[in-house]
Amino acid sequence: MVGCKERVSDKKVHEKKVEFNQELAQELQEMVQIDQLAASNAFPPEKYSHLSQEEWESFKDSIFRNHQKRAEKILDKYGFVGYDLAGKEGSRNFWLIVQHSDHNPAFQNEVLEKMEIEVKKENADSRSFGLLLDRVKLNTGEKQIYGTQVAYDTETGKAYPRTLADSAHVNQRRKFIGLEPLEIYLNRMSEMHFEMNKKVYLKKGIRGPKLYKVSEVPAGNSI
């Protein structure tokens, strides 16, 4: 778990000022537009309706792999893309591309290590760090820490965390990096999943996902 409450200002660290890179921010925005199209569609959208399911899956894989190669070059040149380099949106866009580089967990882990440095400087999002950490853990055969990676019970529409370490204290860990309680997160994911697959669930007679009882007040965004 990253020590997000540690402030670089408490250390007498002098670093070279990073200039905002508009060109990089724009490139990342364009990459994410197609990345999100591929990530959010299990079946070819209308624009790609001429593709078979197999062709669509191959096309999506090529997007993720090509983006990962470009992201690797960006990482080598700049390290993790922080707020100072490309703004909050640009930083998140870079992170999203890394999230979808599951074919290369070694690269994801390399990004994770450099992202932790920026999180400690408050130059990257601690919540996104938690999501990437969970992704890397699962992709390397370990248990996730924050429960951000989920699967779904297709009979109830209910989301549940994939293999999770020390589930009894997961909300304490989540709160530490600014994430809401797991039950609230799972309910949100359940509702999103239901809406995306509404026709299928309605055919089964399911008019809404089964949700978790929430007993804890959501954690704030500040750390």
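Residues numbered from 1 in each chain as written. Predicted model: local features only at pLDDT ≥ 70, side-chain atom pairs only at ≥ 80, totals over all residues. Heavy atoms only, no water.

Q: Outline the confidence of the model for the chain, supporting the account with residue identities and numerical values.
A: Confidence in the prediction of the chain, expressed as mean pLDDT, is 90, and 90% of residues score 70 or more. The low-confidence segment residues 5-14 (pLDDT under 50) makes nine contacts with residues lying over four places distant or belonging to another chain. Counting interchain partners and residues more than four positions distant, the pLDDT-below-50 stretch residues 217-223 has 18 contacts. (pLDDT = per-residue confidence, 0-100. Contact = heavy atoms within 4.5 Å.)

Q: Just give me the short version of the packing of helix α3 (residues 83-99) against helix α4 (residues 105-120), but keep the residues and values in it.
A: Interaxial distance between α3 and α4 falls to 10 Å at its minimum, and their mutual angle equals 150°. Between α3 and α4, the crossing angle belongs to the class labelled roughly antiparallel. Crossing geometry of α3 relative to α4 is assigned as left-handed. Contacts from Phe94, Trp95, Val98 and Gln99 in α3 reach Phe107, Gln108, Val111 and Met115 in α4. Residue composition of the contact of α3 with α4, by class: six nonpolar, two polar and no charged. (Axes fitted to C-alpha atoms, helices over the stretch in contact; angles between N-to-C directions. Helix = DSSP H or I, 4+ residues; strand = E, 2+ residues; numbered from the N terminus. Parallel < 35°, antiparallel > 145°, perpendicular 65-115°, else oblique. Left-handed = near helix turned anticlockwise from the far one by under 90°. Nonpolar A, V, L, I, M, F, W, Y, C, P; charged D, E, K, R; others polar.)

Q: Go over the pattern of salt bridges with me, naming the residues and quoting the values.
A: Considering all chains together, one arrives at 13 salt bridges under this definition. Asp61 is the partner of Arg65 in a salt bridge, and the nearest nitrogen-oxygen pair spans 2.8 Å. Placement of the pair is Arg65 and Asp61 together in helix α2 (residues 53-78), with a separation of four residues, close to one helical turn. Across the pair Glu180 and Arg188 runs a salt bridge whose closest N-O atoms are separated by 2.3 Å. Overall, Arg188 belongs to the partly exposed group, its relative accessible area being 37%. Salt bridges sharing common partners tie together Arg174, Glu180 and Arg188. (Salt bridge = Lys/Arg side-chain N within 4 Å of Asp/Glu carboxyl O. Buried < 20%, exposed > 50% of the residue type's maximum accessible area, 1.4 Å probe, protein only.)

Q: With reference to specific residues and values, describe the nonpolar core.
A: Of all hydrophobic cores here, the largest spans 32 residues; its most connected members are Leu28, Val81, Phe94, Val111, Met115 and Leu132. Of all elements in the fold, only α1 (22-39), α2, α3, α4 and α5 (126-139) reach the threshold of two or more residues within this core. A per-element tally of this core places α3 first, with seven residues. If sequence neighbours within four positions are ignored, Leu28 has contacts with Ile74, Val81, Gly90, Asn93, Phe94 and Ile97. Within the second largest apolar cluster, eight residues are counted, among which are Leu182, Tyr185, Leu186 and Met189. (Core = buried A, V, L, I, M, F, W, Y, C linked by side-chain atoms within 4.5 Å.)

Q: Break down unusual backbone geometry for me, citing the residues and quoting the values.
A: For Glu122, which is not glycine, the phi dihedral falls at a positive 60°. Relative to the helices and strands, Glu122 is located in the loop between α4 and α5. Classification of Glu122 as partly exposed rests on a relative accessible area of 45%.

Q: Let's hear about the pairing of strand β1 (residues 150-153): which residues, and what values?
A: Pairing analysis gives four bridges linking β1 to strand β2 (residues 158-161), with the strands arranged antiparallel. Counted as the bridge partner of Tyr152 is Ala159 from β2. (Pairing = 2+ DSSP bridges.)

Q: Talk me through the side chain of Arg174; I want residue IDs and the actual numbers.
A: Within the secondary structure, Arg174 sits in helix α6 (residues 170-176). On the accessibility criterion, Arg174 (0% relative accessible area) is buried. At 2.7 Å, the side chain of Arg174 and the backbone oxygen of Tyr146 are in polar contact. Leave out the neighbours within four places in its chain, and Arg174 touches Tyr146, Gly147, Thr148, Leu179, Glu180, Pro181, Leu182 and Tyr185. (Polar contact = N/O pair within 3.5 Å; in protein donor to acceptor, adjacent residues only side chain to side chain.)

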